[in-house]
Amino acid sequence: MFSRYGTFDFLQKGIYDYIMIKIDSTIIEKAVYNLCLQANTCYDECLYNILLKKLNAAVSSDDKFKYSNILKNIKLAFDSKRPLCQDCGQVVVFVKYGCECICDKPVNEIINAAVEKAYTENCFRMSVVKNAIFERINTNTNTPALIYTDIVAGSEISIDLMIKGAGSENCSALKMFKPSAQKEDIYEFIKETIIAAGEKSCPPMTIGIGIGGTMEYAALLSKKSFFHRQNTEEFNFVKGLRDYLKTDESNILDIYLMTTSTHIACLPVAITINCHSTRHASATILQNEVKYSSAFYGYNDIAVSDGNFKEVFCSDAQMIRSLKNGENILLTGEIYTARDAAHKKFKDYFEKNGKLPLDFNNKIIFYAGPCPATEDEIIGPVGPTTSFRMDEYCELMYSQGLLATIGKGERSLHSQNIINKYKGKYFTAQGGVACLLSKCVKTSEIIAFGELGTEAVRKLYVQKLPLKVVI
Ligand code: SF4
């Protein structure tokens, strides 16, 4: 009888069993589940120590406040087993699959099942839509994960997993250089990308650089670089880059580089921008034993540094309109969450009915999509999303009496003019400290578009939410 093992089924199957190491799919699933938990809730030791140094070296009260918040948030996330940031990202997985291993299920199927389970059971935010252009509907499973598998020699399966948030990912860049390009040309491109990323990327950021291969391969290397041990040449290249960046280095936590061969006519350079919430975890499976690496549990209790804040109430529109750029405030009162999908619905409704579906006169919108709450929480971890994506709705919203918006990053010049024209305000909240900010929320209620999940419109009562007046 013919089968996958050939004619001599009983004999061939025996040989096959002898040379292959059987890996139980449940072992891989459990490992990926744990890596999702670890990456979302535990912070990298090396980056943690860099943050501590930055806090100790901070001079301005704004910087002290920023770094102490980040460190406090790390401890809070770890202690409560809640995600460091409300954007629990798309899961990127690099698998090195030993060719002597055989598993009872396809590895992609196992990984996706594990991601779905980890995100659902732990109330992490689902952030993946079905299709980028034709069907932007949340899959509500945070899958598919982006899985890259290399078949390698041996009987081990190693898994490197990263959680990639979109605020920083949208600041990433790629450039095809001429082979004659100098090191300084590449440094300048990296510098421009870092400067353009600014506050949108929740700095201080980590930079992954991939050089070589083809366009898509360089991009892949820029992600893999976070797990790569640099050789001497790569190390020296990064050292030179740090010297070149000089003053812009304060916004950087760490720089990673991975290089490879390329075509004689090519020199592709890709940069992955990652926020301070750089989240990753790794594991190796050998003989059905799982070894986890990169876990660190020694976080200190950091006291949040006092900033120079003015107390402001949402009900006092006159006072809010009189705030000056650069002032730090602690906001108390009712605000409303709405982000991309809700704003699109506002616009569609307005075009049909000549008014907004909700009255936003003298109200404040927080561009935010929280994690689902656990039984013990009022709201899950919550923080600002990148504001510039909502720029196209600025005229509509502020012309209808909106008092202020809260988000992160810069607004377009056009939006700045609109906000000034309607005497509105724009505040920024610190990105990536979602566990900490969720403690400012005292009540939360979905008031519209519940079907949008994290993107639904929520009415929140916040107490002393720390913000900066930017416009
Ligand atoms: S820290 Fe900022 S950029 Fe990073 S995932 Fe969170 S919101 Fe996105």
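Reading the values: rules and limits
- Residues numbered from 1 in each chain as written.
- Predicted model: local features only at pLDDT ≥ 70, side-chain atom pairs only at ≥ 80, totals over all residues.
- Heavy atoms only, no water.
- Pairing = 2+ DSSP bridges.
- Helix = DSSP H or I, 4+ residues; strand = E, 2+ residues; numbered from the N terminus.
- Axes fitted to C-alpha atoms, helices over the stretch in contact; angles between N-to-C directions.
- Core = buried A, V, L, I, M, F, W, Y, C linked by side-chain atoms within 4.5 Å.
- Buried < 20%, exposed > 50% of the residue type's maximum accessible area, 1.4 Å probe, protein only.
- Contact = heavy atoms within 4.5 Å.
- Near = heavy atom within 4 Å.
- Nonpolar A, V, L, I, M, F, W, Y, C, P; charged D, E, K, R; others polar.
- Domains from an automatic or database assignment.
- Buried area = accessible area lost by both parts, 1.4 Å probe.
- Salt bridge = Lys/Arg side-chain N within 4 Å of Asp/Glu carboxyl O.
- Phe/Tyr/Trp six-rings, centres within 6.5 Å; stacked < 30°, edge-to-face > 60°.
- Lys NZ or Arg CZ within 6 Å of the ring centre and 35° of its normal.
- Parallel < 35°, antiparallel > 145°, perpendicular 65-115°, else oblique.
- Left-handed = near helix turned anticlockwise from the far one by under 90°.

Asker: I'd like a rundown of the sheet that holds strand β9 (residues 267-274), residues and numbers included.
Answerer: One open sheet accounts for four strands, arranged β6-β9-β7-β8; its pairing is mixed. Each of the sheet's edge strands pairs with one partner strand only, and the pair in question is β6 (173-177) and β8 (252-262). On average, each strand axis in the sheet is tilted by 15 degrees relative to the strand beside it, whichever way the strands run. With six bridges joining them, strand β7 (residues 205-213) and β9 adopt antiparallel strand pairing. Of the residues in β9, the one forming a bridge with Gly-210 is Ala-270.

Asker: Can you explain the nonpolar core? Please cite residues and give values.
Answerer: Among the nonpolar cores identified, the biggest contains 55 residues, and Leu-331, Ile-335 and Ile-406 are the most heavily contacted of them. In this view, Ile-335 contacts Cys-314, Ile-364, Phe-366, Ile-406, Arg-458, Lys-459, Leu-460, Val-462 and Leu-465; residues no more than four positions away in its chain are not counted.

Asker: Just give me the short version of the sheet that holds strand β2 (residues 90-98), but keep the residues and values in it.
Answerer: Sheet architecture is open: five strands sit in the order β4-β2-β5-β10-β11, paired in mixed fashion. Two strands lie at the open edges of the sheet, namely β4 (146-152) and β11 (289-293), each paired on one side alone. The mean inter-strand angle of the sheet, taken between neighbouring strand axes irrespective of direction, is 15 degrees. Here helix α8 (residues 215-224) sits on the sheet and contacts β2, β4 and β5 (156-164); the angle it forms with β2, its principal contact strand, is near 95 degrees.

Asker: Report on the site of the ligand, specifying residues and quantitative values.
Answerer: Lining the immediate environment of the ligand, one finds Cys-85, Gln-86, Asp-87, Gly-165, Gly-167, Ser-168, Cys-202, Cys-275, Ser-277, Arg-279, Lys-408 and Gly-432. Taken together, the residues of the shell around the ligand sort by class into three nonpolar, six polar and three charged.

Asker: Which residues make up the domain arrangement of the protein chain, and what are the values?
Answerer: Domain assignment breaks the protein chain into domain 1 (18-164 + 280-303), domain 2 (166-276) and domain 3 (309-469). Just the C-alpha atoms count here: the centres of domain 1 and domain 2 sit 22 Å apart. Taken residue by residue, the interface counts 20 residues in domain 1 and 23 residues in domain 2. At the boundary of domain 1 with domain 2, total buried surface from both sides reaches about 1,600 Å², with 64% on carbon and sulfur atoms. When residues of domain 1 are sorted by the area they lose upon contact with domain 2, Phe-94, Met-162 and Lys-164 head the list and together hold 35% of the total.

Asker: Account for the pattern of salt bridges, naming residues and giving values.
Answerer: A complete count under the given rule lists 19 salt bridges for this structure. Notably, a salt bridge pairs Lys-75 with Asp-79, separated by 2.9 Å at the nearest N-O pair. With Lys-75 and Asp-79 both in helix α4 (residues 61-80) and four residues apart, the pair spans about one turn of that helix. According to the relative accessible area criterion, Lys-75 is buried, its value standing at 16%. Taking the shortest distance from any N to any O, the salt bridge between Lys-345 and Glu-451 comes out at 3.2 Å. Of the two residues, Lys-345 is situated in helix α11 (residues 340-353) and Glu-451 in the loop between β17 (441-448) and β18 (457-469); the sequence distance between them amounts to 106 residues. Classification of Lys-345 as partly exposed rests on a relative accessible area of 30%.

Asker: Which residues make up the packing of aromatic side chains, and what values do they have?
Answerer: Under the criterion given, the structure shown has 13 aromatic pairs. With 6.2 Å between their ring centres and 70 degrees between their planes, Phe-94 and Phe-227 make a pair best called edge-to-face. Of this pair, Phe-94 sits in strand β2 while Phe-227 sits in the loop between α8 and α9 (232-245), and the two are 133 residues apart along the sequence. You can call Phe-227 partly exposed: its relative accessible area is 22%. Geometrically, the ring pair formed by Tyr-187 and Tyr-244 is tilted, given 5.5 Å between the ring centres and 50 degrees between the ring planes. Of the two residues, Tyr-187 sits in helix α7 (residues 183-197) while Tyr-244 sits in helix α9, which places them 57 residues apart along the sequence. Judged by its relative accessible area of 3%, Tyr-187 is buried. Taken together, the aromatic side chains of Tyr-336, Phe-346, Phe-360 and Phe-449 make up a single cluster linked through ring pairs. The ring of Phe-449 carries the charged tip of Lys-345 above its face, separated from the ring centre by 5.4 Å.

Asker: So what about the packing of helix α3 (residues 45-57) against α4? Which residues, and what values?
Answerer: Between α3 and α4, whose axes approach to 9 Å, the crossing angle comes to 150 degrees. Here α4 runs roughly antiparallel to α3, going by the angle between their axes. Between α3 and α4 lies a crossing of left-handed hand. Contact with α3, carried on its side by Tyr-48, Leu-51, Leu-52, Lys-54 and Leu-55, involves Lys-64, Tyr-67, Ser-68, Ile-70, Leu-71 and Ile-74 of α4 and no other residues of that element. Partitioned by chemical class, the residues of the contact of α3 with α4 number eight nonpolar, one polar and two charged.

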